[in-house]
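The residues making up each chain are set out below.
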Amino acid sequence: MLYLLSEFLEPFWGPFRLFRYHTVMMGGGAFLAAVLVWWFLPRLKRLLPVDRGKAVRLPDGTLKAIGAEGKAGGKPTGAGVLMAVLTLPALLLFFPIYAWESLWDIGVVACVYLCMLSGWLDDRADLPWGGLKKGLFDAAVSLLCAFLLCRGEAVSAWWPFTQAETLIPAWAYVPIAGLLLFGAINTTNCSDGIDGLAGLLTLLSLLALVVLLYVVVGHRTVADYLIIPHSDSAAKWAVLACTFVGTMGAYLWYNCYPSSLLMGDAGSRMFGMVIGVAALATGNLCVIFVVAPMILLNGGLGLVKLACLRLLKVAGRPVTRPKPGEPKTFLQRLFFSVTFPLHDHCRNALHWSGQQVVIRFLLLQGLLQPILFLLFVKVR
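So, how was this worked out
Residues numbered from 1 in each chain as written. Predicted model: local features only at pLDDT ≥ 70, side-chain atom pairs only at ≥ 80, totals over all residues. Heavy atoms only, no water. Helix = DSSP H or I, 4+ residues; strand = E, 2+ residues; numbered from the N terminus. Rg over C-alpha atoms; globule rule 2.2 N^0.38 Å. Buried < 20%, exposed > 50% of the residue type's maximum accessible area, 1.4 Å probe, protein only. Contact = heavy atoms within 4.5 Å. Areas by Shrake-Rupley, 256 points an atom, 1.4 Å probe, with all protein chains shown as cover. Lys, Arg positive; Asp, Glu negative; His and termini not counted. Charge placed at Lys NZ, Arg CZ, Asp CG, Glu CD. 1 Å grid on protein atoms, 1.4 Å probe; cavity = no way out; pocket = protein on both sides within 12 Å on 5 of 7 lines; lining within 4 Å. Points joined across faces, edges and corners; volume = space filled by probe spheres on them. Nonpolar A, V, L, I, M, F, W, Y, C, P; charged D, E, K, R; others polar. Salt bridge = Lys/Arg side-chain N within 4 Å of Asp/Glu carboxyl O. Axes fitted to C-alpha atoms, helices over the stretch in contact; angles between N-to-C directions. Parallel < 35°, antiparallel > 145°, perpendicular 65-115°, else oblique. Left-handed = near helix turned anticlockwise from the far one by under 90°. Core = buried A, V, L, I, M, F, W, Y, C linked by side-chain atoms within 4.5 Å. Pairing = 2+ DSSP bridges.

Time to look at the overall build of the chain. A tally of helices and strands in the chain yields 16 helices and four strands. Taken against the 2.2 N^0.38 rule, which gives 21 Å for 380 residues, the C-alpha radius of gyration of the chain at 21 Å falls within 12% of a compact globule. Principal-axis analysis of the C-alpha atoms gives the chain an extent of 80 × 50 × 35 Å. Taken across its 380 residues, the chain has 49% of its residues classed as buried. By sequence separation, contacts in the chain at least 24 residues apart represent 74% of the contacts at least 6 residues apart. About 18100 Å² of surface is accessible on the chain, with carbon and sulfur atoms providing 70% of the total. Within the chain, one finds 30 positive and 20 negative side-chain charges whose respective centroids are separated by 9 Å.

Attention now moves to empty space enclosed by the protein. The tally for this structure, following the rule as stated, stands at two cavities of 30 Å³ or more. The computed volume of the largest cavity comes to approximately 40 Å³. Around the largest cavity, the lining residues are L180, L181, G276, A279, L280, N284, L285 and I288. Of all the elements in the fold, those that place two or more residues in the lining of the largest cavity are helix 7 (170-190) and helix 11 (264-281). When residues of the lining of the largest cavity are assigned to their parent elements, the largest contribution, three residues, is made by helix 11. In terms of lining, the second largest cavity is formed by W158, L212, V287, V290, F373, F376 and V377. Along the lines of polarity and charge, the residues of the lining of the second largest cavity split into seven nonpolar, no polar and no charged.

The next point concerns the pattern of salt bridges. By the definition in use, this model includes six salt bridges. We note a salt bridge from K236 to D105, for which the minimum N-O separation is 2.6 Å. With K236 in helix 10 (residues 234-255) and D105 in helix 5 (residues 103-124), the pair connects residues that are 131 residues apart, well separated along the chain. Judged by relative accessible area, K236 falls into the buried class, the value being 4%. Between D138 and R269 there is a salt bridge, with the nearest N and O atoms lying 2.4 Å from each other. Remark: R269 occurs in helix 11 and D138 occurs in helix 6 (residues 131-150); sequence separation between them is 131 residues. Judged by its relative accessible area of 0%, D138 falls in the buried class. Residues participating in the shared-partner salt-bridge network are D105, R151 and K236.

What follows is about the packing of helix 2 (residues 22-44) against helix 4 (residues 80-94). As a packed pair, helix 2 and helix 4 sit with axes 8 Å apart at the nearest point and diverge in direction by 155 degrees. By the angle class used here, helix 2 and helix 4 are roughly antiparallel. The hand of the helix 2/helix 4 crossing is right-handed. Residue-level inspection shows M25, G28, G29, L32, A33, L36, V37, F40, L41 and L44 of helix 2 in contact with helix 4, the latter providing L82, M83, L86, T87, P89, A90, L93 and F94. Looking at the contact of helix 2 with helix 4 residue by residue, the class counts come to 15 nonpolar, three polar and no charged.

This part is about the layout of surface pockets. Within this model, the second largest pocket holds a volume of roughly 600 Å³. Taken together, 25 residues make up the lining of the second largest pocket; nearest its centre are L149, V155, S231, S233 and A281. Broken down by secondary-structure element, the contributors of at least two residues to the lining of the second largest pocket are helix 6, strand 3 (155-158), helix 10 and helix 11. Within the lining of the second largest pocket, the residues separate by chemical class into 13 nonpolar, six polar and six charged.

Among the structural elements, T329 can be located in the loop between helix 13 (293-314) and helix 14 (330-336). C-alpha of T329 to C-alpha of V319: the two residues are ten residues apart in sequence and 9.3 Å apart in space.

What follows is about the nonpolar core. L41, Y173, L206, W237, F244, M273 and V277 are the most contacted members of the largest nonpolar core, which totals 103 residues. In terms of residue count, helix 10 provides more of this core than any other element does, 14 residues in total. Setting aside residues no more than four positions away along its own chain, L206 makes contact with A241, F244, V245, F271, V274 and I275.

Mapped onto the secondary structure, L240 falls in helix 10. Under the relative-accessibility criterion, L240 is labelled buried at 1%. C-alpha separation for the pair L240 and F95, spaced 145 residues apart in sequence, amounts to 6.4 Å. If sequence neighbours within four positions are ignored, L240 has contacts with L91, F95, V109 and V277.

Moving on: the packing of helix 8 (residues 197-217) against helix 10. Where helix 8 contacts helix 10, the two axes come as close as 9 Å, and the packing angle between them is 155 degrees. Considered as vectors, helix 8 and helix 10 are oriented roughly antiparallel to each other. Relative to helix 10, helix 8 is oriented so that their crossing is left-handed. Between helix 8 and helix 10, the residues in contact are G199, L200, T202, L203, L206, L207, V210, L213, Y214 and V217 and A234, A235, W237, A238, A241, C242, F244, V245, M248, G249 and L252, respectively. Of the residues contributing to the contact of helix 8 with helix 10, the split by class is 18 nonpolar, three polar and no charged.

Relative to strand 4 (residues 165-168), strand 3 runs antiparallel, the two sharing four bridges. Its bridge partner lying in strand 4, W158 is registered against E165. Linking two consecutive strands that pair antiparallel, namely strand 3 and strand 4, is a turn of six residues; a positive phi of about 70 degrees is found at F161 within it.

Right under this line is the structure:
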């Protein structure tokens, strides 16, 4: 809103022109979101439902309750809905609105909030949503968001390891981008299980996307030097990502070990969509593998495993979990030797503490991001 109003307010007071600078919008959005979330979260957490833990399957096939503290003693969960509401004023003020054409962009932001809504409804439900219900909702929102991002038109995409650009028609872009958004939502959701893990990995991914969108893709000189297509719209998506950086930073103040509240599906699914949207805004459909490698590895392998098991079942070759003590077939060893999400395997099979998982996953993502970035933008 301030971006649009600055043109009319500048004649009355010159400094209003600052609101046409994306750096100011990024800083203002992040700061306001951080302050609102940091101040109001502890004061509103009494409105949230209480976490009752989750059942995690150990490598031997048994189930173990993790964080099952009971309704009376559990932590407030579903803080994602409060984070979304508290971030909204920052987005309304600082997310660039140029003209009526920005209705497409507003629709994309609305899809982010739809992901939050589905997670919130799941968090507060007495019986959690089933995989089919959540999957169908995620697929519908992802496809809608992909259509809004391309505005129903062909999209020019650049690729790793080549300087060539490809014009992708809308009918092909929507399902491909929708699949990437679907994966971003669910892998981020799967990574939320240890205090600070999903939050820190998401924060690192969003910071990388802010740099990529504003400094690389959105800066013509840098983009030309790296032989990457420059995007005039990249900076506005950097504002979106930076605003949610402020939101996540304030949330981590309360979610670091030992946490006092949890964002739940409402938060993890929302942030997954933000990562997906910002990654697609770079113009490279593969960038998400650069900015969020540990999120995808942690949660994505579990989704691949589940899909493979269901395909084998449909094909008439179901693979069942082996009973303790019985010999395992090759497929059983392949699918059931590692527990997913990967952070559960590290805790239960490798006996890492929660803090060890967080620090080691964070270090791995911090190491992989620059290496993958160099491979994607320089080896071309």
